[in-house]
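Here are the chains, one letter per residue:
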Amino acid sequence: MSSFSRSAQQWATFARSWFLIDARMQPPGKIATMCAIRLQGKHKPIYHAMSDCGDHIVVMNTKQIAFSGNKWEQKVYSSHSGYPGGFKQLTAAQLHHKDPKAIVKLSVYGMLPRNLHRRTMMQRLHIFPDDELPDDILANLTEELPQPREIPKQLSEFTQEEIDAFPRLWTPPEYYKMK
Amino acid sequence: MAARSMLRSVWTSFAGLKLGATGSNVIFQQGTTIPQLSAVTIQSRGLRQVVEKQEGKTTIIEGHILNTPKAPEPPNPEAKCPIYRWNLQHKYNYTDVLLLSQFIRPDGGLLPRRITGLCLEEHRKIAICVQMAHRAGLLPDHKPEPPANQIIKKPKQQLNRYLTCWSTDSVKPIYKTGLKWCKRRMAVGSPLLKYNVRYGVKHMNIKH
C-alpha cells in the first residue's frame, strides 16, 4: 500500500505468508496446481527462481478428496524400492486407505520443478487429513484460498420452496401407478 | 378410469342376473357401451381425496376433488419430449438434481420411457446423469432397500467421486498407462453430454 513507510512496504512484499486450502470434495490435481504455484512464489510479481520467495500452504480435509471419473479404481501409483522384486503398484483407493495424505503430496511433488529447491518447497507444504490443525499453524495462517470446484447440492439440501418452484416437466398418464 | 370401472361393475351386475327371456339382451349389453355413460367425457382429472365421516351409526365415505393449481405453460408445447417442451436439451448436467429427480422412482431406478414420454437420446442422457448423480451421492434418499440381511457386512470405504460414468466394480486398474502418443486414458463424464452448452472456449475433456 502506498501509505506504508518504506520499511513496512519492504516487509509486506518479502514476508512469507501462510495459506489455507480446504480439500473437501475437491479434485487433488486442482488443489496441487494451486499449491505448486504458491510454493514456488509464482503468484508474486517479485518472483525469481533463486530468490526463495515461496509461501507456506496448509491443506486440510485431504481424507475427503474427490476424484472425477473412475480414477479411484483406475489410477495406479507405482514405486520401486531399488531391491529386486520391490516393484509395488497401488490403486488410488488402496493408497488413500493406507495414507490419506499421500495422494495430495505426490501430486504436488510432481508439479514442482525438478531441482534442489523442490525438497525445501515440500517442507513448506503442510497436509492434514482432518480439519484439526495444531495451534501454532492456526496462529500463522493469513488467508484462506477459495475452492477450485463448486460442490454440487444434494437433493436433501434443497428447501421445500425451491423444490416447489421447479416446474413439473411431465404428467404421468392416468393408468400408471407410481410405485 | 372411473367410468370404465363403473361400466365394468354394471356389466358384472347384469351378468349375475339369470334371466331366461332377456338372455340375448344381456349379451347385447355386454358387447356394446351403454349410451348414457359414454356421453360423459372426462376432460380434466384432479387429485381425489377420500374422506371418511362417522355420524352415529352411519359412515359416509366421500371423494373430494382437490383444487390443484394450474401448472406453468412450457415454452414449446408442441414438442413430444418433455425436455424439448421446456427447451432444456443441452442445458442439464448430473448436478441438476431437481430435474433428474422427476424421472426416478423412490428406490433410485429410472421410470420407463413410454411413461415419461422422453425421446430416446434424452432418456439415455438422463439415465447416465442419474447414474452419475447416484455415484456422486447427490440422491441420498433414493437408495434401494437392502433385503433382510442377517450378515452385517463391513462398510465399504466411502470415497468421494463425481462424473463417474462406469460402475465402480466393473473398472480395472491401469497398471501400464503407455507412452504419451498411445496412453490409456481414464474416462470422465459421458460423450452423450458433449453437446452441452459451455460458456468457455475449451471443449469438455472426456479423456483424462
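Reading guide: rules and limits
- Each chain has its residues counted from 1, following the order in which its sequence is written.
- Ligands are numbered from 1 and chains lettered from A, in the order in which they are written.
- A pLDDT threshold of at least 70 governs which residues receive local features in this predicted model, and a stricter bar of 80 or more applies before side-chain atom pairs are shown or counted, although totals over entire chains, interfaces and linings include all residues.
- Hydrogens and water molecules were not included; the side-chain quantities draw on all heavy atoms of the structure.
- UniProt positions are given in the numbering used here, feature names are shortened, and annotations may be inferred rather than shown by experiment.
- Secondary structure elements are taken from DSSP: a helix is a run of H or I of four residues or more, a strand is a run of E of two residues or more, and numbering for both begins at the N terminus.
- Summary of the burial criterion: residues with accessible area below 20% of their type's maximum are buried, those above 50% are exposed, and those between are partly exposed, where the area comes from a 1.4 Å probe applied to protein chains only.
- By definition in these notes, contact holds between two residues if any of their heavy atoms fall within 4.5 Å.
- Calculation of accessible area relied on Shrake-Rupley with a 1.4 Å probe; when residues are assessed, cover is drawn exclusively from the protein chains displayed.
- In summary, the pairing rule links any two rings of Phe, Tyr or Trp, Trp by its six-membered ring, whose centres are within 6.5 Å, and it sorts them by plane angle into stacked for under 30 degrees, edge-to-face for over 60 and tilted for everything else.
- Two parts placed together each lose some accessible area; with a 1.4 Å probe, that loss summed over both constitutes the buried area.
- For this analysis, a salt bridge means a side-chain nitrogen from Lys or Arg found within 4 Å of a carboxyl oxygen belonging to Asp or Glu.
- Polar contacts, as used here, are pairs of N or O atoms within 3.5 Å; protein pairs need one atom able to donate a hydrogen and one able to accept it. Residues neighboring in sequence count only if both atoms are side-chain atoms.
- Note that Gly is not counted as nonpolar here; it falls among the polar residues with everything else outside the nonpolar set of Ala, Val, Leu, Ile, Met, Phe, Trp, Tyr, Cys and Pro and the charged set of Asp, Glu, Lys and Arg.
- At least two DSSP bridges between two strands are needed for those strands to be called paired.
- By definition here, a helix of n residues has an expected span of 1.5 Å times n minus one.
- To count as a disulfide, a pair of cysteine sulfur atoms needs to be within 2.5 Å.

Per an unreviewed UniProt entry, chain B goes by the name Large ribosomal subunit protein mL66 and belongs to Champsocephalus esox. Checking UniProt for chain B, the heading Subcellular location (unreviewed entry) contains the comment "Mitochondrion".

As annotated in an unreviewed UniProt entry, chain A carries the name Large ribosomal subunit protein uL13m and comes from Pogonophryne albipinna. Database annotation for chain A, UniProt heading Subcellular location (unreviewed entry): "Mitochondrion".

## Looking at the overall build of chain B
Per the secondary structure count, chain B includes 7 helices and 3 strands. Counting from the amino terminus, chain B carries its helices and strands in the arrangement α-α-α-β-β-α-α-α-α-β. Out of the 208 residues in chain B, the part that is buried amounts to 25%. Partitioning the intrachain contacts of chain B with sequence separation of at least 6 by distance along the chain shows that 46% fall at a separation of at least 24. As displayed, chain B has an accessible area near 15700 Å², and 57% of this comes from carbon and sulfur atoms.

## Thoughts on the packing of aromatic side chains
Here the structure, examined in full by the defined rule, presents 2 aromatic pairs over all chains. Judged by centre distance (4.9 Å) and plane angle (85°), the rings of Phe67(A) and Trp72(A) are edge-to-face. For the pair shown, Phe67(A) and Trp72(A) are each scored as buried. Ring centres of Trp170(A) and Phe103(B) lie 6.2 Å apart, and the angle between their planes is 10°; on these two criteria the pair is classed as stacked. Of this pair, Trp170(A) sits in the segment after α8 (160-165) while Phe103(B) sits in the loop between α5 (97-100) and α6 (113-116), on two different chains.

## A short note on the interface of chain A and chain B
As a measure of interface size, the accessible area lost when the parts come together is often cited. Facing 40 residues of chain A, the contacting portion of chain B comprises 46 residues. Interface area, chain A with chain B, both sides summed: about 4000 Å², of which 62% is carbon and sulfur. It is Gln74(A), Leu169(A) and Trp170(A) that lose the most area in chain A upon contact with chain B, and together they represent 20% of the buried surface on that side. The partner of Glu73(A) in a salt bridge is Arg161(B), and the shortest N-O contact between them spans 3.0 Å. Summed over the shared surface of chain A and chain B, the number is 18 residue pairs in polar contact (both at pLDDT 80 or more). Breaking the side of chain A that touches chain B down by element, the ones donating at least two residues are β3 (66-68), α3 (71-74), β5 (87-91), α4 (92-98) and α8 of chain A. With 4 residues, the top contributor of residues to the side of chain A that touches chain B is α3(A). Here the residues of the side of chain A that touches chain B sort into 20 nonpolar, 11 polar and 9 charged. Bridge count between β3(A) and strand β3 (residues 160-162) of chain B: 3 bridges; the pairing is parallel. Among the inter-strand pairings, Phe67(A) is bridged to a residue of β3(B), identified as Arg161(B).

## Focus on helix α2 (residues 28-40) of chain A
Along an α-helix, a turn takes 3.6 residues, which lines up residues three or four apart on a common side. Residue and element names in this part refer to chain A. Taking 1.5 Å of rise per residue, the 13 residues of α2 would be expected to cover 18 Å, and the 18 Å separating its terminal C-alpha atoms lies within 8% of that figure. Of the residues making up α2, those classed as buried are Pro 28, Ile 31, Ala 32, Met 34, Cys 35, Ala 36, Arg 38, Leu 39 and Gln 40. Along its buried surface, α2 packs onto β1 (18-22), β2 (56-60), β3, α5 (102-111), α6 (117-123) and β6 (125-127). Count one or two residues on from α2 and you reach Gly 41, which has phi positive near 95°.

## Observations regarding the pattern of salt bridges
Scanning all chains against the criterion turns up 7 salt bridges over all chains. Overlapping salt bridges bring together Arg16(A), Asp52(A) and Arg124(A) as one network.

## Some thoughts on the state of the cysteines
One pass over the full model with this rule turns up 0 disulfides over all chains. Left without a disulfide partner, Cys35(A) is nearest to the cysteine sulfur of Cys53(A), which lies 16 Å away. Of the cysteine sulfurs around Cys165(B), a residue in no disulfide, the closest is that of Cys129(B), at 12 Å. Judged by relative accessible area, Cys165(B) falls into the buried class, the value being 7%.

## Brief notes about the sheet that holds β6(A)
In a beta sheet, neighbouring strands pair by backbone hydrogen bonds and run either parallel or antiparallel. Residues and elements named next belong to chain A. What the 4 strands build is an open sheet, ordered β6-β2-β1-β7; its pairing is parallel. On the outer flanks of this sheet lie β6 and β7 (143-144), each paired with one strand and no other. As judged from the 3 bridges shared by β2 and β6, these two strands associate in the parallel manner. Residue pairing across strands places Val 58 opposite His 126, the latter belonging to β6.

## Remarks on the pairing of β1(A)
A regular strand places its side chains so that they alternate between the two faces of the sheet. All names here are of chain A. Burial of β1 is extensive: 5 of the 5 residues sit out of reach of the surface. Side chains Trp 18, Leu 20 and Asp 22 of β1 all project onto a buried face; the interleaved residues Phe 19 and Ile 21 project onto the opposite face, where all are buried too. Here β1 runs beside β2; their pairing, made up of 5 bridges, is parallel. Within β2, the residue paired with Trp 18 across the bridge is His 56. Of the pairings in the sheet, the one linking β1 to β7 comprises 2 bridges and is parallel in character. From the neighbouring strand, Phe 19 faces β7, where its bridge partner is Glu 143.

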